[in-house]
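# Working through the structure, step by step
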Amino acid sequence: MAEAHQAVAFQFTVTPEGVDFRLSREALKHIYLSGINSWKKRLIRIKNGILRGVYPGSPTSWLVVVMATVGSSYCNVDISLGLVGCIQRCLPRGCGPYQTPQTQALLSMAIFSTGVWATGIFFFRQTLKLLLSYHGWMFEMHGKTSHLTRIWAYLESVRPLLDDEEYYRMEMLAKEFKEKTAPRLQKYLVLKSWWATNYVSDWWEEYIYLRGRSPLMVNSNYYVMDLVLIRNTDVQAARLGNIIHAMILYRRKLDREEIKPVMALGIVPMCSYQMERMFNTTRIPGKETDTLQHLLDSRHVAVYHKGRFFKLWLYEGSRLLQPQDLQMQFQRILDDPSPPQPGEEKLAALTAGGRVEWAQARQAFFSSGKNKAALEAIERAAFFVALDEESYWYDPEDEASLSLYGKALLHGNCYNRWFDKSFTLISFKNGQLGLNAEHAWADAPIIGHLWEFVLGTDSFHLGYTETGHCLGKPNPALAPPMRLQWDIPKQCQAVIESSYQVAKALADDVELYCFQFLPFGKGLIKRCRTSPDAFVQIALQLAHFRDRGKFCLTYEASMTRMFREGRTETVRSCTSESAAFVQAMMEGSHVKADLRDLFQKASKKHQNMYRLAMTGAGIDRHLFCLYLVSKYLGVSSPFLAEVLSEPWRLSTSQIPQSQIRMFDPDQHPNHLGAGGGFGPVADDGYGVSYMIAGENTIFFHVSSKFSSSETNAQRFGNHIRQALLDIADLFQVPKADS
């Protein structure tokens, strides 16, 4: 039982002669190596902190300045204009060996050089800050834009949704707000912008995410798919070994600040703040508001399989386990025949149900004893791993397979995902993977960055044997994963079952339709001289009008990470220009040239709105903050109340790809992920995510609710297909007409 000895640091026995300690040298060795590893991380963080603090300077540049000053002095050239002499006269006099005139002269030159170096850094940083604050470059290459206030921009965005009478009423409310209430509220936001790093993000995280009391599953969490056109291995444990090893390599790079920032259009770096909470983070339920618990480090993952929870160590001492070791450990879990303990199987349903019920149960049943210890093992894990017994994959010959795969990732069976963790890595029996991510800590492009690195490392750097196993031989002496022990009383089991029933009803109500659009991708769209995102968004407007016979308030997420700690802003995709194009298409009497002209106007409008959102000139986040200030002050605003109560019946998001160039997509065209998706925001609305995955394909994920008689995800998906084809047809003009 070598594993048992390694798991216990020391034992003791009380004898008549006293207390007899029996120390385990192997365990103490691991503790020592673990401490060394922790100190290495601290030293790396200290070094990075120093280098970051003097950026764009460096120790080398400081040495160059000192050498230039000293060299000029020996050449009898005083580049300090007498400042070195002044510094030398101010130094204290003494008789020690370090108080000779030569030493004082060198010290004075070092002080002068340090001052020049620090001054240069200060001016360089201020100049860089001004340059990065300039966002005009996004507009200059596409012409000028109008300078509308956010309030009037809002009115413009709702014009196609309102008749003349409703629009006039909103116009009067906006005018009253602008003249009476807005100036006072704005002053508080200006004050916050001076004091806080970002005047939006902390309130957005708290009030939009953490204060939400409805279930996270479907309503907030989202999913990410694996590569769908290739399979590296069918061995479940082997795939996990490579993937989890790659994830911890990514975390190591993150800790050492070695990950390059993503560049907006290849020009301006975007803020990487959200990445800090990617690992070792859990959402803790509260009765009124949740909190995010983030640890600096975690050396294990929590694993769920067949109703049992396990704790699996990622390190042996200070050494990261290799893929073959991780494969062996996961295989041990898969082969473990032990049954679940009473109440253990559906325990994770607590994270899928209402937040208040989970908070009360956590306080009542998990605040002491073995339940507290087991729960802490999950919440303090680097991330959560779910080993499913079912197999899901995308079969291009069976379109429904992609939707079933998406449903499994979105909610599973409602108790085999820990929805509170920053992300759950989901492993199916056939080696296919996916992620379910909690939304409060970061937005989808952040988890997408990790996923691209992991999939690229798995495919092109780690590899597998011919039989699909990890390369190398494992260490059989490793202690096996540890079963977590629970003591769940009947009252708690009743709460678990209640949460499960709530989650199951929610999951059963979700209709998800995922499909691959094959007729064309961004290649043809670019030949239409428009942005791929604008092309798809206008197609969604046409599809929605055909589906519902009317326009609706449309949400598209845009990143604001060109600002420090920026998250997202809303692009209101339903514009007067897109509405004019859709109506012309529906009339069917316009020639292609006129329709192309209307489409180009709508496209340019959308691109301009997207750039405004990215550069901080959007509408919704600012109005959201004004609304919060009004609530703090007890000020009533009919305009803000109406703006914040409008439902988003069409919520959309484009999934980014190729944030990291791990491989050449032209040489490996089948290494395509299908993106991911989310649940509908409104009960009678649609959620649509899409990924323009290459020159010739687009993946769509459309969600709605069965309980709504007005929506049907598959019907809407078919309308999207047809809208894309109809718009593309406008640009395939015969030469005689051109």
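Because the structure is a prediction, the values reported are computed rather than measured.

All right, on to the overall build of the chain then. In terms of helices and strands, the chain carries 23 helices and 22 strands. Counting every position in the chain, which comprises 738 residues, the buried fraction comes to 51%. Taking as baseline every contact in the chain between residues at least 6 positions apart, the subset at least 24 positions apart corresponds to 77%. With an accessible surface of roughly 34,800 Å², the chain has 57% of that area assigned to carbon and sulfur atoms.

A separate point is the packing of aromatic side chains. Counted by the stated rule, this structure contains 32 aromatic pairs. Consider the rings of Tyr154 and Phe639, whose centres lie 5.5 Å apart with planes at 90°: the pair is edge-to-face. Residue Tyr154 is found in helix α7 (residues 150–158), and its partner Phe639 is found in helix α22 (residues 638–645); the two are separated by 485 residues along the sequence. A centroid spacing of 5.5 Å and a plane angle of 65° characterise the contact between Phe581 and Phe599, whose relative ring orientation is edge-to-face. With Phe581 in helix α19 (residues 576–587) and Phe599 in helix α20 (residues 592–614), this residue pair connects regions lying 18 residues apart in the sequence. This pair shows no difference in class: Phe581 is buried, exactly as Phe599 is. Positioned above the aromatic ring of Trp203, the side-chain terminus of Lys192 is 3.4 Å from the ring centre.

Here we come to the UniProt feature "active site" (unreviewed entry) in the chain. According to UniProt, the "active site" (unreviewed entry) feature falls on His439. Along the polypeptide, His439 turns up in the loop between β14 (433–437) and α15 (444–462). With a relative accessible area of 18%, His439 lands in the buried category. Excluding anything up to four places from it in sequence, His439 contacts Tyr209, Ser220, Asn221, Tyr222 and Arg567. Looking at His439, its side chain comes within polar contact range of the side chain of Tyr209, at 3.3 Å.

One pass over the structure, following the stated rule, counts 36 salt bridges. The partner of Asp164 in a salt bridge is Arg159, and the shortest N-O contact between them spans 2.6 Å. As a salt-bridge pair, Arg319 and Glu316 come within 2.9 Å of each other at their nearest N and O atoms. By relative accessible area, Arg319 is classed as partly exposed at 33%.

Attention shifts here to the packing of helix α18 (residues 532–548) against α20. With their axes 9 Å apart at the nearest point, α18 and α20 run at an angle of 115° to one another. Remark: the crossing between α18 and α20 carries right-handed chirality. Touching Asp533, Ala534, Phe535, Gln537 and Ile538 of α18 are Phe599, Ala602, Ser603, His606, Gln607 and Tyr610, all from α20. Its residues placed into classes, the contact of α18 with α20 shows six nonpolar, four polar and one charged.

This paragraph deals with the environment of Val228. Mapped onto the elements, Val228 comes out in the loop between β3 (222–225) and α10 (236–255). With 166 residues separating them along the chain, Val228 and Tyr394 place their C-alpha atoms 5.8 Å apart. Ignoring sequence-local partners within four residues, the contact set of Val228 consists of Tyr394, Leu402, Tyr405, Gln432, Leu672, Ala674 and Phe699.

This next bit is on the environment of Val502. Inspection of the secondary structure assignment puts Val502 in helix α16 (residues 490–508). Classification of Val502 by relative accessible area gives partly exposed; the value is 42%. Each C-alpha atom of the pair Val502 and Ala349 lies 9.1 Å from the other, and the pair is 153 residues apart in sequence.

As a further point, take the sheet that holds strand β8 (residues 300–305). In spatial order, the strands read β15-β9-β8-β12-β13-β14-β3-β20; together these eight strands make up an open sheet with mixed pairing. This sheet does not close on itself; its edge strands, each paired only once, are β15 (482–483) and β20 (676–677). Two strands pair when backbone bridges link them, and β3 and β20 are joined in this way by two bridges, in the antiparallel orientation. Looking at β20, one finds that Tyr223 is bridged to Gly677. Lying over the sheet, helix α11 (residues 323–335) contacts β8, β9 (308–313) and β12 (384–387), oriented at roughly 160° with respect to β9. Along the sheet face, helix α14 (residues 400–410) touches β3, β13 (423–427) and β14 and points at about 130° away from the line of β3.

This paragraph deals with the nonpolar core. Formed by 83 residues in total, the largest nonpolar core has its most connected members in Met247, Met278, Phe330, Phe383, Phe423, Trp451 and Phe639. The element contributing the most residues to this core is α10, with nine residues. Those residues in contact with Trp451, other than ones at most four positions away along the chain, are Val224, Met225, Asp226, Ile243, Met247, Leu425, Leu433, Gly434 and Leu435. Formed by 52 residues, the second largest nonpolar core is a distinct cluster that contains Tyr223, Tyr304, Tyr405 and Leu484.

Locating Glu379 in the fold gives a position in helix α13 (residues 369–379). Excluding residues within four positions of it along the chain, Glu379 makes contact with Thr282, Ile284, Gln293, Arg362 and Lys421.

In this section: the sheet that holds strand β17 (residues 554–559). Reading across the sheet, the six strands line up as β16-β22-β21-β19-β17-β18 and stay open at both edges, with mixed pairing between neighbours. Pairing within the sheet leaves two strands with one partner each, and these edge strands are β16 (510–517) and β18 (568–572). Going across the sheet, the axis of each strand differs from the next one's by a mean of 20°, ignoring polarity. One ladder, built from five bridges, connects strand β21 (residues 686–691) with strand β22 (residues 698–705); its direction is antiparallel. Within the sheet, the bridge partner assigned to Ser689 lies in β22 and is His701.

Calculation rules
Residues numbered from 1 in each chain as written. Predicted model: local features only at pLDDT ≥ 70, side-chain atom pairs only at ≥ 80, totals over all residues. Heavy atoms only, no water. Helix = DSSP H or I, 4+ residues; strand = E, 2+ residues; numbered from the N terminus. Buried < 20%, exposed > 50% of the residue type's maximum accessible area, 1.4 Å probe, protein only. Contact = heavy atoms within 4.5 Å. Areas by Shrake-Rupley, 256 points an atom, 1.4 Å probe, with all protein chains shown as cover. Phe/Tyr/Trp six-rings, centres within 6.5 Å; stacked < 30°, edge-to-face > 60°. Lys NZ or Arg CZ within 6 Å of the ring centre and 35° of its normal. UniProt positions renumbered as here; feature names shortened; annotations may be inferred. Polar contact = N/O pair within 3.5 Å; in protein donor to acceptor, adjacent residues only side chain to side chain. Salt bridge = Lys/Arg side-chain N within 4 Å of Asp/Glu carboxyl O. Axes fitted to C-alpha atoms, helices over the stretch in contact; angles between N-to-C directions. Left-handed = near helix turned anticlockwise from the far one by under 90°. Nonpolar A, V, L, I, M, F, W, Y, C, P; charged D, E, K, R; others polar. Pairing = 2+ DSSP bridges. Core = buried A, V, L, I, M, F, W, Y, C linked by side-chain atoms within 4.5 Å.

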